[in-house]
Amino acid sequence: MRIKPHHPPLHAGSTGSRVQKVEERLESLGYLKKGAANDRFDADTAKAVVDFKRDHGWTGKPQGVVGERMARSLKQAAAAATPPPTTPASPTGGSGGKNKTPSTLKGATYNVERDRNPKDVQKWLGGFAKREKLDFIQVQEINGYHKALENIPGYHLVTFPKAKDHGESGILVKDELLQKSPTLIQGEGGGWTTVRGGHAPPRAAPAVQLAGWLKVVSVHQPPSVDWKGDKPTGPINRVNTYKSLSEKLLAFAKDQLKRNPDQALLIGGDWNEPASTDGTWSPGWIAQQAGMTTHGGVKTHGNGRIDWEMSKGCHVTNVKAGPTGGSDHNIVTFTVSRPKDKR
């Protein structure tokens, strides 16, 4: 029987080829500056390790040490981050001249809906994105559509098939705008029993940096959770799952805004709750606690107003409900602009 060798943890002061490999992966994911890999585990490497752990589900106070779990997670993240062509960012639906980073981006959020023909989804969404000159689209309920969405010309699908929800949400990004590898915000709570009697796993929210100044997160919270007063009500497993992802999103938002004050943050998708709800663990509560602005109000799911954005450090304008494209949700489009004093 072959036994895998056990490697001692890497920490400040460690050197050698294993450190070099860790640093190269951290560099490829954007946690270390380009050219920083030098096979010496220093303070910058330790900080990069802590930042990676915070973005990938470590709780408490992560330490700048690379053990077996960290090494495995880092290897998987680097393998999953398939970089698009490194074409200089150009204004796709936004502003800015040739080879300049765009300061205005056109975005959308869209719950694709399950059990549709993948080819129909690809054709309609690809055509809409091209006509509207969209730079990115937050997409939900995309299990079964990964290959179809990956084949939309000019776009790169950011999702995590190995997440607990198997990549239920994602972000379609114009190839030239994706500048930093994606991260995952993994909710817990155990999941819930669906109306069809199946099991829905805890939701995860992918996040990605675009154009060097905007972090975008795609969210899909569980349905059938309501608020009475300050507290959520509904089936306990759904409530716990909603609560868990809300807490993870709030922690992520606070950490991002603290560590990257010059970077804008946009969190949006299908919340299954309007922006006006502000009870504990509601999306409105997240926005209040993180100091973010909500951009809801358009009808997107019958008479519902559940597909919307919250932002910090940018201007969100021109919010409009578009066609359904065969889904039970309307696609919602909007414009995101970087403040002039940040350009």
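Residues numbered from 1 in each chain as written. Predicted model: local features only at pLDDT ≥ 70, side-chain atom pairs only at ≥ 80, totals over all residues. Heavy atoms only, no water.

Asks: Can you tell me about the pattern of salt bridges, naming the residues and giving the values?
Replies: The full count for this structure, using the stated rule, is nine salt bridges. Lys164 is the partner of Glu188 in a salt bridge, and the nearest nitrogen-oxygen pair spans 2.5 Å. Here Glu188, found in the loop between strand E5 (178-186) and strand E6 (192-193), pairs with Lys164, found in the loop between strand E3 (155-158) and strand E4 (169-174); they are 24 residues apart in sequence, far enough to count as distant. Between Glu168 and Arg203 there is a salt bridge; the shortest N-O distance is 3.8 Å. Of this pair, Glu168 sits in the loop between E3 and E4 while Arg203 sits in the loop between strand E7 (199-200) and strand E8 (204-210), and the two are 35 residues apart along the sequence. (Salt bridge = Lys/Arg side-chain N within 4 Å of Asp/Glu carboxyl O. Helix = DSSP H or I, 4+ residues; strand = E, 2+ residues; numbered from the N terminus.)

Asks: Would you mind going over the environment of Lys123 in detail, with residue names and values included?
Replies: As for its position among the elements, Lys123 is in helix H4 (residues 118-132). On the accessibility criterion, Lys123 (70% relative accessible area) is exposed. Residues Lys123 and Gly326, 203 residues apart in the sequence, show an inter-C-alpha distance of 11 Å. (Buried < 20%, exposed > 50% of the residue type's maximum accessible area, 1.4 Å probe, protein only.)

Asks: Which residues make up the sheet that holds strand E2 (residues 136-140), and what values go with them?
Replies: With mixed pairing, six strands are arranged side by side in an open sheet as E3-E4-E2-E1-E16-E15. What marks the edges here is a single partner per strand, and that holds for E3 and strand E15 (315-321). Pairwise comparison of adjacent strand axes, ignoring direction, gives a mean angle of 20° for this sheet. When strand E1 (residues 104-111) meets E2, the two strands line up parallel, connected through five bridges. Looking at E2, one finds that Ala108 is bridged to Ile137. (Pairing = 2+ DSSP bridges. Axes fitted to C-alpha atoms, helices over the stretch in contact; angles between N-to-C directions.)

Asks: Please set out the pairing of E8 residue by residue, giving values where relevant.
Replies: Within E8, seven of the seven residues are buried, leaving the element largely enclosed by the surrounding structure. On E8, burial covers both faces: Ala204, Pro206, Val208 and Leu210 on one face and Ala205, Ala207 and Gln209 on the other are all buried. Sheet analysis places E8 next to strand E9 (residues 214-220), joined by four bridges and oriented antiparallel. Opposite Leu210, over in E9, you have Leu214 as the bridge partner. The loop that links E8 with its antiparallel partner E9 comprises three residues; one of these, Ala211, has a positive phi angle of about 55°.

Asks: Talk me through the nonpolar core; I want residue IDs and the actual numbers.
Replies: Ranked by size, the top nonpolar core spans 27 residues in total, and within it Val217, Leu249, Ile267 and Trp271 carry the most contacts. Those elements that place two or more of their residues in this core are E8, E9, helix H6 (236-259), strand E12 (264-270), helix H7 (283-290) and strand E14 (307-312). Per element, the largest residue contribution to this core is eight residues, and it comes from H6. Setting aside residues up to four positions removed in sequence, Ile267 forms contacts with Gln138, Val217, Val219, Leu249, Ala253, Met292, Trp308, Glu309 and Met310. Counting residues in each nonpolar core, the second largest holds 19 residues, with Leu105, Phe136, Leu210 and Ala264 among its members. (Core = buried A, V, L, I, M, F, W, Y, C linked by side-chain atoms within 4.5 Å. Contact = heavy atoms within 4.5 Å.)

Asks: Can you tell me about helix H2 (residues 43-55), naming the residues and giving the values?
Replies: A rise of 1.5 Å per residue sets the reference length of H2, with its 13 residues, at 18 Å; its end C-alpha atoms lie 19 Å apart and thus fit the reference within 8%. Of the residues making up H2, those classed as buried are Thr45, Ala46, Ala48, Val49, Val50, Asp51, Phe52, Lys53 and Asp55. With a side-chain oxygen positioned 3.2 Å from the backbone nitrogen of Asp44, the residue opening H2 is Asp42. (Expected span 1.5 Å × (residues − 1). Polar contact = N/O pair within 3.5 Å; in protein donor to acceptor, adjacent residues only side chain to side chain.)

Asks: Explain the packing of aromatic side chains residue by residue, including any values.
Replies: The final tally for this structure, using the stated rule, is six aromatic pairs. With a centroid separation of 5.6 Å and an interplanar angle of 75°, the aromatic rings of Tyr31 and Phe52 are classed as edge-to-face. Taken together, the residues span a long stretch of sequence, with Tyr31 in the loop between helix H1 (17-28) and H2 and Phe52 in helix H2 at a distance of 21 residues. Neither residue differs from the other here; Tyr31 and Phe52 are each classed as buried. Among the aromatic residues, those joined into a ring-pair cluster are Tyr110, Trp124 and Phe128. (Phe/Tyr/Trp six-rings, centres within 6.5 Å; stacked < 30°, edge-to-face > 60°.)

Asks: An account of H7 is needed here, citing residue identities and associated values.
Replies: Across the eight residues that make up H7, a large majority, six, are buried. Here H7 has its buried residues at Pro283, Gly284, Trp285, Ile286, Ala287 and Ala290. Looking at the buried residues of H7, the elements they touch are H6, strand E13 (293-295) and E14. The first or second residue beyond H7 is Gly291, which carries a positive phi of 70°.

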